[in-house]
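Residue-level structure breakdown
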Amino acid sequence: MLNTVAVIGYAAPIEVARGSTVEFKLSSATLTSARAQIVKIRCGDPDPSGPGVQLIAMPSPLDGEVALTHQPIHAGSCGLVDDAPVLRALGSFSIGCWVWPTLLDAGAQTVVARWREDTQEGWRLGLDAQGRASFAVAVAGHTCSATASRALLEREWAFIGASYDATSGQLEVFQHSLDVLGGRDRSASDKGSAPRHAAWPAGLPLSFAAHLCDDGTQHLAAAHFNGKIDRPRLHAGVHSLEALRASAAALRPARGDADLVAAWDFSESIGSDRIVDRGPHGLHGKLRNAPTRAVTGANWSARTPHWTEATEEYGAIHFHNDDIDDCRWNTNLSLDIPTDWPSGFYSLRLSATDTDGQPAESHVPFFIGAQPGQARARLAFVASTATFLAYSNSAIRLDLQPTEAMLEQLLVLGPDDAYLQEHRELGLSTYDTHSDGSGWCYASAARPILNMRPHGGGYYQMDTRVIDWLDSTGISYDVITDSDIHRHGAQLLADYGCVLTGCHPEYYTQQMLDAFETYQAGGGRHVYLGGNGFYWRTAFHPTKPGRIEIRRGLTGTRTWEGEPGENGLSSTGEPSGLWRSNGRPPQRLVGVGFDAQVFDRGCAYRRLPDSLDPRVAFIFEGVGEQEVIGDFGLRGGAGGHEIDRVDTRLGSPPHLLRVATADDFGSGGLATPEEFGVSHRGLGGDQNNQIRADMTFFPTARGGAVFTTGSIAWGMALAHRGYDNNVSRITANVLRRFIDPAPFTGFGSSDEEAY
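In this text the structure is predicted, and so the values were computed from the model without any measurement. (Residues numbered from 1 in each chain as written. Predicted model: local features only at pLDDT ≥ 70, side-chain atom pairs only at ≥ 80, totals over all residues. Heavy atoms only, no water.)

1. Details of the sheet that holds strand 3 (residues 21-27)
- Strands sit in the order 1-3-25 across an open sheet of 3 strands; the sheet is antiparallel. Two strands lie at the open edges of the sheet, namely strand 1 (8-12) and strand 25 (333-336), each paired on one side alone. Between one strand axis and the next, the sheet turns through 20 degrees on average, direction left out of account.
- As paired elements, strand 1 and strand 3 share 5 bridges and run antiparallel to each other. (Pairing = 2+ DSSP bridges. Helix = DSSP H or I, 4+ residues; strand = E, 2+ residues; numbered from the N terminus. Axes fitted to C-alpha atoms, helices over the stretch in contact; angles between N-to-C directions.)

This is the structure:
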């Protein structure tokens, strides 16, 4: 068996332009070297029913052996505030904040600290292994602590605090529940003693949600807190619980408070990795590994569900012990992209023999995207990088109990699945949940991604089968990325007579939709060969390339739901959820929209009366009127997996022609939740005529047009019988006509000239 995980790595950036530089960051726990080579990916899918993995060697200065070392991943988020004289000079002090713990059985957890684990120096406030507030002071390896007598409750707000009296050496820790009714009151306190006039370690950052294992120069942190922290306050002197609570309750600290050292306000700079201190010393900080922001604080009143309308009620950050944003690995190789290389899907291939004597081959993916003004063809294929990232390292088929029931077959797991199961520090996808059960809303490319590379599975591989088909037909094309569309807008699309979106362009930003609408309104032609496209409202982080954000709202096919009030995108301030719920259903853009998932078996298309309209005769050239279309491919049919249909209520255009449909699904065809309000018999694909994949054509303006297949499985049928099949024929008919600038005619007297 091919070992695909002996070497892992990532490219920075993952999307590059010709003439720019890409760096490769690699790690191996078992190998000391591997042979490196750049390859252009024609097909990355090893499925024997398709064309198989097809890679094109691209000679470059990187060809040859590369030395490898093990580079660990330090998962877990925290906040860091650099050391400052006022922190080192603390004698007696008090610290307090609101907490909303989410995983009390995770062991001892640190909430706020200046603590070195290796030397056992400093102080830290947190929870002990029983979930009780605990405060420790350590001097020269001697630790003293006080611990409250009762455990807090998960997902309940409590104020925790502590004080150290340098004169007497007395410690005090306390916790106070926000809601004390119905058995929720877990208020308690404790006292202890420690050395007097303790000295704190110099040069050590103050940390939130973890403590440091060294002086802070490495990325080593421990005892990560799972849950929210809101409005931490640090005062000189010994203050009571009531005084600390009053300090934290004030959204702005009182001016002239000589004892106030810091008043951190996490409602500031929500769209960034910055921590803001509203105290007199400017003890600002930064976040590591992207904890979740724009989350409700202890003072959330529910008067609005969106953080931009009541920012002061979103002064909390949700930390997780498995957050990962950037592995921060050293660079092993770098490459200046030759200006004569074609755009496309690429990877750094690493080949070796593993320690068991088996062949090892791993890939580090990257994309070379054509930039505005660089078009070399009339057709552009859009790489759906936002969707690839949304699914990056997805573990849902490992973790989601109904997976085998939905597939109606046993799961077959490979080496990548086993590796991901053992190495959750890689970070999971936006379909998965953190160790505390909350959803992953961020995904980053600055880490190894096992299912976005040749041999790796997922929608990345499906789209490479379309790439392989394009190469086989000889239709010239460029590859552009959706994130470049996000950055450059419609000007990038305007270089092309036709744009092709692949199997599953599910995650779209507002800028990307705006660009497509402008392109189509300006005469651009759009071929959409997939299903469940343009579905979730998504954001690329404005300053962190390769990081996306989504929030699962209260509808849509979703594997988790955000907490109440937490469905606004922290990166941009936009609402999230379905584009349908945001007033821009995909039917308005491409005529069809998601109606069902069909994971058990696919089915064929049959032509409809609209297909006999002479204006769309080009679509079916070489296809008989009664010919069954696509009774082959992924699980037996070109219609399937996830499917879209026409719905005029959601904006399918009046001029749209529904030329074919795939609707012979079984009970495994499951309607999406937004498609029905009340559960009843007859929702399944064997009884519900709303579960279907529609093939459509409609003209737009200035000679533009849109063609859709409404099925993720369509692209998986292209390679059947060596590309000699009617799915391939229809796709080629459409693309060749769409890249032909000759106008479409006959779509209404007033518009005919324009079309």
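2. What to know about the nonpolar core
- Counting 108 residues, the largest nonpolar core has F345, W714, I730 and F738 as its most contacted members.
- If you tally residues by element for this core, the top one is helix 7 (residues 459-473), at 7 residues.
- Ignoring anything within four residues of it in the chain, the contact list for I730 reads I619, F620, V623, I629, M695, F707 and W714.
- Formed by 47 residues, the second largest nonpolar core is a distinct cluster that contains C97, V112, A262 and I317. (Core = buried A, V, L, I, M, F, W, Y, C linked by side-chain atoms within 4.5 Å. Buried < 20%, exposed > 50% of the residue type's maximum accessible area, 1.4 Å probe, protein only. Contact = heavy atoms within 4.5 Å.)

3. Points about the pairing of strand 27 (residues 359-368)
- In terms of burial, strand 27 is a largely internal element, 9 of the 10 residues being buried.
- Direction of pairing for strand 2 (residues 15-16) relative to strand 27: parallel, over a ladder of 2 bridges. Among the inter-strand pairings, E15 is bridged to a residue of strand 27, identified as F367.
- Between the end of strand 26 (residues 344-353) and the start of strand 27, which pair antiparallel, lie 5 residues, with G357 showing a positive phi angle near 80 degrees.

4. Side note on the packing of aromatic side chains
- Applying the stated criterion to the full structure yields 38 aromatic pairs.
- Aromatic side chains Y391 and Y431 sit 4.3 Å apart centroid to centroid with 25 degrees between the ring planes, which places their arrangement in the stacked category. A residue pair is termed long-range when its members are at least 10 positions apart, and Y391 in the loop between helix 3 (385-390) and helix 4 (396-399) and Y431 in the loop between helix 6 (415-422) and strand 29 (442-444) qualify at 40 residues. Here the two residues Y391 and Y431 agree in accessibility, since each one is buried.
- When the ring of Y528 is compared with that of F534, the centres are 5.3 Å apart and the planes differ by 70 degrees; the resulting orientation is edge-to-face. The burial state of Y528 is the same as that of F534; both residues are buried.
- Among the aromatic residues, those joined into a cluster by ring pairs are F93, W123, F135, Y164 and W200.
- Lying across the ring of W579, R584 places its NZ or CZ 5.6 Å from the centre.
- Here the guanidinium or amino end of R737 rests over the ring plane of F744, the centre of that ring lying 4.1 Å away. (Phe/Tyr/Trp six-rings, centres within 6.5 Å; stacked < 30°, edge-to-face > 60°. Lys NZ or Arg CZ within 6 Å of the ring centre and 35° of its normal.)

5. Describing helix 7
- For helix 7, which comprises 15 residues, the first-to-last C-alpha distance of 22 Å matches the rise-based estimate of 21 Å (1.5 Å per residue) to within 8%.
- Along helix 7, 12 of the 15 residues are buried, which leaves the element largely enclosed by surrounding structure.
- All of the buried residues in helix 7 are Y459, Y460, Q461, M462, D463, T464, R465, V466, I467, D468, W469 and L470.
- Directly after helix 7, the chain includes G474, whose backbone phi takes a positive value near 80 degrees. (Expected span 1.5 Å × (residues − 1).)

6. Looking at the side chain of S728
- Looking at where S728 falls in the secondary structure, it is placed in helix 12 (residues 726-738).
- S728 sits in the buried class, given a relative accessible area of 6%.

7. Quick notes on the packing of helix 7 against helix 12
- As a packed pair, helix 7 and helix 12 sit with axes 12 Å apart at the nearest point and diverge in direction by 70 degrees. In this view, helix 7 runs roughly perpendicular relative to helix 12, as classed from their interaxial angle. Taken together, the residues of helix 12 that come into contact with helix 7 (itself represented by W469, L470 and T473) are S728, T731, A732, L735 and R736.
- A per-class count over the contact of helix 7 with helix 12 returns 4 nonpolar, 3 polar and 1 charged. (Parallel < 35°, antiparallel > 145°, perpendicular 65-115°, else oblique. Nonpolar A, V, L, I, M, F, W, Y, C, P; charged D, E, K, R; others polar.)

8. Focus: the sheet that holds strand 41 (residues 669-671)
- Here we have 3 strands laid out as an open sheet, ordered 39-37-41, and antiparallel in their pairing. In this open sheet, the two strands that pair with only one neighbour each are strand 39 (639-646) and strand 41. Looking at each pair of strands side by side, their axes are set apart by 25 degrees on average, direction ignored.
- Sheet topology note: the strand 37 (residues 592-603)/strand 41 ladder contains 3 bridges and is antiparallel.

9. Quick word on the pattern of salt bridges
- Within the structure shown, the criterion is met by 40 salt bridges.
- R465 is the partner of D45 in a salt bridge, and the nearest nitrogen-oxygen pair spans 3.3 Å. In this pair, D45 is assigned in the loop between strand 4 (33-43) and strand 5 (54-57) and R465 in helix 7, connecting sequence segments 420 residues apart. With respect to burial, D45 and R465 carry one shared label: buried.
- One salt bridge connects R692 with D694, and the closest N-O pair in it is separated by 3.0 Å. Of the two residues, R692 and D694, neither departs from the other in class, the shared state being buried. (Salt bridge = Lys/Arg side-chain N within 4 Å of Asp/Glu carboxyl O.)

10. A look at the pairing of strand 10 (residues 121-127)
- The buried count for strand 10 comes to 5 of 7 residues, which makes it a mostly enclosed element.
- Of the strand pairs in this sheet, strand 9 (residues 109-116) and strand 10 are connected by 7 bridges, and their pairing is antiparallel. When the bridges of strand 10 are listed, R116 appears paired with E121.
- Bridging between strand 10 and strand 11 (residues 133-139) involves 6 bridges; their strand directions are antiparallel. Paired with R124 across the strands is A136, a residue of strand 11.
- Linking strand 10 to strand 11, which pair antiparallel, is a turn of 5 residues; within it G131 sits at a positive phi near 80 degrees.

11. Notes on the state of the cysteines
- Applying the stated criterion across every chain yields a total of 0 disulfides.
- Here C43 stays free of any disulfide, with the sulfur of C503 as its closest cysteine sulfur at 11 Å.
- Take C603: it sits in no disulfide, and the sulfur closest to it among the cysteines is that of C503, at 17 Å. (Disulfide = S-S within 2.5 Å.)

12. Regarding the environment of E425
- Among the structural elements, E425 can be located in the loop between helix 6 and strand 29.
- Along the chain, E425 and H70 lie 355 residues apart, while their C-alpha atoms are 14 Å from each other.
- Those residues in contact with E425, other than ones at most four positions away along the chain, are I73, A75 and I324.
- Reaching out from E425, the side chain makes a polar contact with the side chain of H423 at a distance of 2.9 Å. (Polar contact = N/O pair within 3.5 Å; in protein donor to acceptor, adjacent residues only side chain to side chain.)

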